[in-house]
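Examining the three-dimensional arrangement
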Amino acid sequence: MEVVIAPTGEVGRLGADAVTQLLAGRPAAVLGLATGSSPLSTYAELIRRHRAEGLSFAQVTAFTLDEYVGLAADHPQRYRNVIATEFTDHVDLDPAAVHGPDGLAEDLVAACAAYEAALTAAGGVDLQILGIGADGHIAFNEPGSSLASRTRIKTLTPQTRIDNARFFGGDVEAVPVHCLTQGIGTIMAARHLVLLATGRGKAEAIHQLVEGPVSAMWPASVLQFHPHVSVIVDEAAASRLQLGAYYRDTWANKPVWQGF
Ligand code: GLP
């Protein structure tokens, strides 16, 4: 696991660097996209590079991590719409190549199985962008989630519904109770995981992810078992890391040819 500690304003650029490097060698890459505020600066930088430098997503296939159950197709907070508004509508990514779990399916179990099948048919995810919840959740895999789980229905914790109420006009009751989410096992199957976090509110989760014991209580800690993880954090999110000096030294001395 590589831990990169950077000024807050650099986190998006570094996240975009990881994607840009992948696309340089593999224009038809499969990208895993996350919603939430953490990846927004990365998406903004990728949009800038698309416009200013011609970075192309024309051959890319994309898969989102999760989706609320039951939100209307045109609801602005439906993650399928959020990812379009925040990112994919602003680059040359074919809308038909952006996939998400179907939270409106009549048969949700079948929809989850279909999503797993689509991921497999696409050859798996080359690079998965991730945020992290303050409680260590990734996608909607709340504490206690099976570390081997696949795409399935989950019940959101009251805290996550409270946290996300800000996107629903502050109305907790408007936040769906259920979601479909890639499982932790699904996420772990991606070939490169790029996790982005900023702010002191994420500091304990980042410490547990990087340095804690692997435990379903901090679902992201399972990333310690993944062979290729880049954790890109700002100073505040890094503030509880025990080996911060070591991560800084490693990054400062990283061979230039190595990339992400
Ligand atoms: C939500 C999303 C996660 C995201 C997390 C943190 O629960 N399902 O994918 O990582 O919130 O969100 P933020 O990046 O806004 O802090």
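Here the structure is a predicted model, which means the values were calculated and not measured.

Let's shift gears to the sheet that holds strand 4 (residues 66–68). Read from one edge to the other, the open sheet built from three strands follows the order 4-8-7, with strand pairing classed as antiparallel. Only two strands of the sheet have a single neighbouring strand rather than two, namely strand 4 and strand 7 (152–155). With direction set aside, neighbouring strand axes in the sheet form an average angle of 30 degrees. Two strands pair when backbone bridges link them, and strand 7 and strand 8 (residues 178–181) are joined in this way by four bridges, in the antiparallel orientation. Following the sheet pairing, Arg152 is matched in strand 8 by Thr181.

With the rule as written, the count across this model stands at twelve salt bridges. The shortest N-O distance in the salt bridge between Asp17 and Arg49 comes to 2.7 Å. Of this pair, Asp17 sits in helix 1 (residues 8–25) while Arg49 is found in helix 2 (residues 40–53), placing the two residues 32 residues apart along the sequence. Take Arg49: its relative accessible area is 7%, and that puts it in the buried class. Taking the shortest distance from any N to any O, the salt bridge between Glu235 and Arg248 comes out at 3.0 Å. Here Glu235 is found in the loop between strand 10 (229–234) and helix 8 (244–252), whereas its partner Arg248 is found in helix 8, with 13 residues between them in sequence. Given a relative accessible area of 37%, Arg248 falls into the partly exposed group. One connected set of salt bridges, linked through shared partners, spans Glu10, Arg13, Asp17, Glu45, Arg48, Arg49 and Glu53.

The rules behind these values
- Every chain's residues receive numbers from 1 upward, in the order its sequence appears when written.
- It should be noted that, the model being predicted, local features are given only for residues of pLDDT at least 70 and side-chain atom pairs only at 80 or more, the latter also being counted only at that level, while totals for whole chains, interfaces and linings use all residues.
- Side-chain measures here rest on the full set of heavy atoms in the structure, leaving out hydrogens and waters.
- Strands are labelled as partners when DSSP assigns at least two bridges between them.
- Only DSSP runs of H or I reaching four residues or more are called helices, and only runs of E reaching two or more are called strands; each is numbered from the N terminus.
- Note on geometry: axes are lines fitted to C-alpha atoms, helical ones only across the stretch in contact, with angles between N-to-C directions running from 0 to 180 degrees.
- Any Lys or Arg side-chain nitrogen located within 4 Å of an Asp or Glu carboxyl oxygen qualifies as a salt bridge.
- Partly exposed describes any residue whose relative accessible area lies between the buried limit of under 20% and the exposed limit of over 50%, with all areas from a 1.4 Å probe on protein chains only and scaled to the type maximum.

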